[in-house]
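# A closer look at the structure
Here is what each chain is made of, one letter per residue.
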Amino acid sequence: MATTFRWLLRAFLALLVLGFLAGSGVYYLASRSLPDYNATRTVAGITAPVEIVRDTADVPHIFGQTDGDVFFGLGYAHAQDRLWQMMMMRRTAQGRLSEIFGERTVRIDELLRRFDLYALANASLDVQDAETRVALDAYAKGVNAWIATVNSEALGRGAPEFFLFSNAIAPWQAADSLVIIKLMALQLSAHLEEEVLRARTSLILPDSRVMDILPDAPGPAIAALPRYAALFPTVPRRYASVPMSGDPLSPFHGRAFAGASNAWAAAPARSAAGSTLLANDPHLGFTAPAIWYLARLELSSGAVIGGTIPGMPVVLTGRSAKLGWGITSSYLDDQDVYIEKLNPENLNEYLTPEGFKPFRTRSSIIDVKDAPPVTIQLKWTENGAVLPGTHYNLAAVTPAGHVASVAWTALSPNDTSMSGAMGLMRSGSVPEAIAAAEAYIAPSQNLTLVDQSGIAMKTIGAFPRRAARHQSQGRMPTPGWLPENRWQGVLPYSSNPEFISPDGGILGNTNNKVIDRPFPLHMSYSWGDTQRIQRWRRLMQTREVHTRQSFIEAQLDTVSFTARSLLPLVAADLWYTGDAAPDGTPERLRQRALDLMANWNGEMNEHLPEPLIFAAWMRALQDRLIRDELGPLAEDYTHLEPLFIERVFRNTDGAATWCDVLQSAAQETCTDIARQSLDDALLWIAETYGTQLESLRWGDAHQATHDHPVLGGVPVLSWFVNIRQSTSGGDNTLLRGRTKGSGPDPFQNVHGAGYRGVYDFADPDSSVFILSTGQSGHPLSRHYDDLGELWRRGEYIPMSLDADLARAAAVGVTVLNPAPR
């Protein structure tokens, strides 16, 4: 026995030693790719020394003799901190994920190949202005200089992830930066899905009920919309959904996660300090690291600082000494779905107003790791790219003998969006910025601007010109062979909505409706917000003048207008009406919940139980209201539609009929459904979190999930690479934390403000900004998540253009010297 014990002890100790050695080896290899910020290197591609000063938050301040050298430095810094992220975005846009992830990502690659984004980006290189071409080429050289440094100095392949996957890194090219803009357009556009969902809903419901669940926002319903079955009588009735890929590698996240953001500005008359103010927080899906990267560039036109996206040589939201700019998704309807009729005698032809014409086609081969390559046939019509029915649930709205195509402004081979963004960054005044943004094509944005004396908001991006006789007004797929449905070019830039120096001195956008023009100048029927704008308006109007701090408070506001408006409607007949009930019964639990809700002010605070009860109740309520009418299609309505609930409980145009369950003999009332859905919600809460309602925390359910897209699901590794934070806010608060909406954790915070900035032109160097994670993409770096806790607490870091201040507290200074020629 003693001998056995000794051998077991020896084996255990040997395993410990081996584990320690293995762990040390892994740590050593991974840590080799941690960049040394205090370094002097000789590189090719610059004309004079470039200095990259890293301040205490690891924000690079880049100085050079020419603009080209500065953009070289930005490419170098981006690659130092985010090389893996950049390569993944490029692979995604190119449709080449399957080369390293195998069959798992073939469907993602196929759809991206059909959009042909990379070929369009290459074609768009020729239409960029000269300054932009210089910036793109210099930036690419900077990225490649760091890749060359990694290879020559054996710096761990540039990122730990490259040890687990292919270590072959193709050189960065100018077109790679352009395709990332198109990838962002893909993530910020939802009109394609909206059209398909409206058509599928139209096949089930009468017109009036479609307008309940998908109302025009805001405003009364429009009865002139045709039924989809009238447009295509032979369309199949397929109500079950084919979900888009839920893979974290997929850029297709669904209509609920299209672009969102907040921006507002105050003129000098509405500022306590007598100058302009601007706040901006664009919203995207959370990842680790965040999509945003903070940087300062010392350009010949003046220094600029703000949020960049690794892979692009431009500050997308930020400020100079003279100008501040912020972006919000405009929800301009820049996509249309067409149903194309095939020639029954030649399936390689489709019908046009001039008769049948051949598709434009090209073969594309998807290389798949550990599997045979997949060859697909890419097709285009005069309207746009042809998509198979297996994507976006297009099969459910495509009759036999037809295919679907999509027209989209981002599919332009003459896309000058990068030139527009570059011109904006170099502008010194509001009029200059508006003029520069004319070159911007897609994705459409609302651009909020301030200079020392004025404020403005301008919708930028190509605005499709539709005919007044368009059959669906762009809200559902239409026959692609009818001329009245086809785009007729784009409207002039001057017709894009514009607001300059308004009398009230305040401008803002929360993705809400900004104009009320009739079709075809309407801009959109689908908007990103009808709720946050109400709270924002109240906060802006309750103060005569604003300060940087009041703008910060508005950015961090967690009061839900939705809760304040819906609870009095839904719970009107439930509050203080129940009979006495003993503890432990469903009736008593319901009474406790209603008591909590009756005394709640609508604040979605992470430490309170009421937000969780409200969110679970509304989710269960909407499901009960729509499940019997929509059947499997109800799965596509993953998030609360506040206008729908309001229409039902106010019985607008007879909408209370949703409360009656069609399959039951009884006549259910809205009070019945409200009570039953509250019981459903409390049962779910009890099974998930327990029955002690008073001790619930919204933050436990509403954790911000900054997960690593590749390693986030790997056991053990996920502990090191994922960043989880308890957060306040919700779907419809200014501190927006978009919930997941499905699965076992439907209230996880998966989409929100990865960047926040507030710019004060009374004292520009007192401006502030913050990221949701950290600057570095390396999990072993102290800058991987160091800004995340500040972000969670609603704190910021200085956004100063003072070069001496950056140098005084620098964590490192990298000097790049030009190689001898």
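Residues numbered from 1 in each chain as written. Predicted model: local features only at pLDDT ≥ 70, side-chain atom pairs only at ≥ 80, totals over all residues. Heavy atoms only, no water.

Next up on the list: the overall build of the chain. Counting its secondary structure elements, the chain contains 24 helices and 29 strands. Its C-alpha atoms give the chain a radius of gyration of 27 Å, within 12% of the compact-globule value 28 Å for 821 residues. Dimensions along the principal axes, computed over C-alpha positions, put the chain at roughly 85 × 85 × 70 Å. Within the chain, the fraction of its 821 residues that count as buried is 61%. A fraction of 72% describes how many contacts in the chain between residues 6 or more apart in sequence connect residues 24 or more apart. Carbon and sulfur atoms form 55% of the exposed surface of the chain, whose accessible area is close to 31000 Å². (Helix = DSSP H or I, 4+ residues; strand = E, 2+ residues; numbered from the N terminus. Rg over C-alpha atoms; globule rule 2.2 N^0.38 Å. Buried < 20%, exposed > 50% of the residue type's maximum accessible area, 1.4 Å probe, protein only. Contact = heavy atoms within 4.5 Å. Areas by Shrake-Rupley, 256 points an atom, 1.4 Å probe, with all protein chains shown as cover.)

Following the criterion strictly, the structure yields one disulfide and no others. For cysteine 659, the disulfide goes to cysteine 670, at an S-S distance of 2.0 Å. The disulfide joining cysteine 659 to cysteine 670 has a torsion of about 95° about its S-S bond and is therefore right-handed. With a gap of 11 residues between them, cysteine 659 in the loop between helix H19 (642-649) and helix H20 (670-689) and cysteine 670 in helix H20 connect regions that are remote in the sequence. When sorted by exposure, cysteine 659 lands in the same class as cysteine 670, which is buried. (Disulfide = S-S within 2.5 Å.)

Its 28 residues give helix H2 (residues 67-94) an end-to-end C-alpha distance of only 29 Å, which falls more than 12% under 40 Å, the value for a rise of 1.5 Å per residue. Buried residues dominate H2, accounting for 28 of its 28 residues. In the segment just after H2, glycine 95 is the residue with positive phi, at about 70°. (Expected span 1.5 Å × (residues − 1).)

If you walk through the whole model with that rule in mind, you get 17 aromatic pairs. In textbook terms, an aromatic cluster arises when at least three aromatic residues are bridged by ring pairs, as seen for Trp84, Phe101, Phe162 and Phe165. In this structure, arginine 360 packs its charged tip against the face of tryptophan 380, placed 4.4 Å from the ring centre. The lysine or arginine in question, lysine 379, covers the ring of phenylalanine 359, its NZ or CZ lying 5.0 Å from the ring centre. (Phe/Tyr/Trp six-rings, centres within 6.5 Å; stacked < 30°, edge-to-face > 60°. Lys NZ or Arg CZ within 6 Å of the ring centre and 35° of its normal.)

Enumeration over the complete set of coordinates arrives at 47 salt bridges. The partner of arginine 54 in a salt bridge is aspartate 81, and the shortest N-O contact between them spans 2.5 Å. Here aspartate 81 lies in helix H2 and arginine 54 lies in strand E2 (residues 50-54), a separation of 27 residues in the sequence. Overall, the relative accessible area of 4% leaves aspartate 81 in the buried class. With its nearest N and O atoms 3.0 Å apart, the salt bridge here joins aspartate 636 to arginine 200. You can see aspartate 636 sitting in the loop between helix H18 (610-630) and H19 and its partner arginine 200 sitting in helix H9 (residues 191-202), a full 436 residues away along the chain. For the pair shown, aspartate 636 and arginine 200 are each scored as buried. Here the salt bridges share partners, and the residues they tie into one network are Glu606, Arg697, Asp700, Glu789, Arg792, Arg793 and Glu795. (Salt bridge = Lys/Arg side-chain N within 4 Å of Asp/Glu carboxyl O.)

Contact geometry for H2 and helix H8 (residues 174-188): axes closest at 9 Å, N-to-C directions at 70°. Accordingly, the angle class assigned to the pair H2 and H8 is roughly perpendicular. Residue-level contacts link Met89, Arg90, Thr92, Ala93 and Gln94 of H2 to Asp176, Val179, Ile180 and Leu183 of H8. A breakdown of the residues in the contact of H2 with H8 according to their chemical character gives five nonpolar, two polar and two charged. (Axes fitted to C-alpha atoms, helices over the stretch in contact; angles between N-to-C directions. Parallel < 35°, antiparallel > 145°, perpendicular 65-115°, else oblique. Nonpolar A, V, L, I, M, F, W, Y, C, P; charged D, E, K, R; others polar.)

The next subject is the nonpolar core. Grouped together as the largest cluster of nonpolar side chains are 179 residues, with contacts concentrated most on Phe115, Leu297 and Met425. The element contributing the most residues to this core is H2, with 14 residues. Excluding residues that lie within four positions of it along the chain, phenylalanine 115 makes contacts with Leu120, Leu186, Phe252, Leu387, Tyr392, Val406, Trp408 and Leu411. By size, the runner-up hydrophobic cluster in this structure holds 54 residues, among which are Leu625, Leu630, Ile673 and Trp698. (Core = buried A, V, L, I, M, F, W, Y, C linked by side-chain atoms within 4.5 Å.)

Time to look at helix H14 (residues 532-541). Among the residues of H14, those classed as buried are Arg532, Ile533, Arg535, Trp536, Leu539 and Met540. One side of H14 carries all its buried residues, which in axial view fall inside an arc of 160°. When the buried face of H14 is taken as reference, the exposed residues oriented beyond 90 degrees from it are Arg538 and Gln541. Taken together, the buried residues of H14 touch strand E4 (260-266), strand E21 (506-509), helix H15 (548-555) and helix H16 (561-570). (Arc of directions from axis to C-beta.)

The next subject is the confidence of the model for the chain. Averaged over all residues, the pLDDT of the chain is 93; the fraction at 70 or higher stands at 95%. Every residue in residues 220-225 is under pLDDT 50, and counting partners more than four places away or in other chains gives 12 contacts. (pLDDT = per-residue confidence, 0-100.)

Here the focus is the packing of H18 against H19. Remark: H18 packs on H19, axes separated minimally by 11 Å, with the N-to-C direction vectors making an angle of 65°. Classed by the angle they form, the pair H18 and H19 counts as roughly perpendicular. Considering how the two elements wind past one another, H18 and H19 form a crossing that is left-handed. On the side of H18, the interface is formed by Leu621, Gln622, Leu625 and Ile626, while H19 contributes Phe644, Ile645, Val648 and Phe649. Considering only residue class, the contact of H18 with H19 consists of seven nonpolar, one polar and no charged. (Left-handed = near helix turned anticlockwise from the far one by under 90°.)

The next thing to look at is the sheet that holds strand E1 (residues 39-43). Strand order in this open sheet of 11 strands is E1-E29-E2-E3-E6-E7-E8-E9-E17-E18-E20, and the pairing throughout is mixed. Of all strands in the sheet, those with a lone pairing partner are E1 and strand E20 (498-500), marking the two edges. Between one strand and the next, the sheet's axes are offset by a mean angle of 15°, whatever the strand orientation. Looking at chain direction, strand E18 (residues 455-460) and E20 are connected through three bridges and run antiparallel. Within E20, the residue paired with lysine 458 across the bridge is glutamate 498. Across the sheet, H2 is in contact with E1, E2, strand E3 (60-63), strand E6 (293-299), strand E7 (302-308) and strand E29 (812-818); its angle to E6 comes to roughly 165°. (Pairing = 2+ DSSP bridges.)

Mapped onto the secondary structure, glutamate 606 falls in the loop between helix H17 (586-598) and H18. Under the relative-accessibility criterion, glutamate 606 is labelled buried at 8%. Spatially, the C-alpha atoms of glutamate 606 and methionine 422 are 40 Å apart, while their sequence positions differ by 184 residues. Among all residues touching glutamate 606, those that are not within four sequence positions of it are Arg697, Trp698, Gly699, Ser726, Thr727, Ser728 and Arg792.

Attention now moves to a nonpolar patch on the surface. A cluster of nonpolar residues, Phe163, Leu164, Val714, Val716, Leu717, Trp719 and Phe720, forms a patch on the protein surface that exposes about 700 Å² of accessible area. Looking at the nonpolar patch, the elements with two or more residues in it are helix H7 (161-164) and helix H22 (717-721). Of the residues forming the nonpolar patch, the biggest block, three residues, is contributed by H22. Considering the arrangement of structural elements, one finds phenylalanine 720 in helix H22. (Patch = residues over 30% accessible without salt bridge, like charges linked within 9 Å, V, L, I, M, F, W, Y side chains within 5 Å.)

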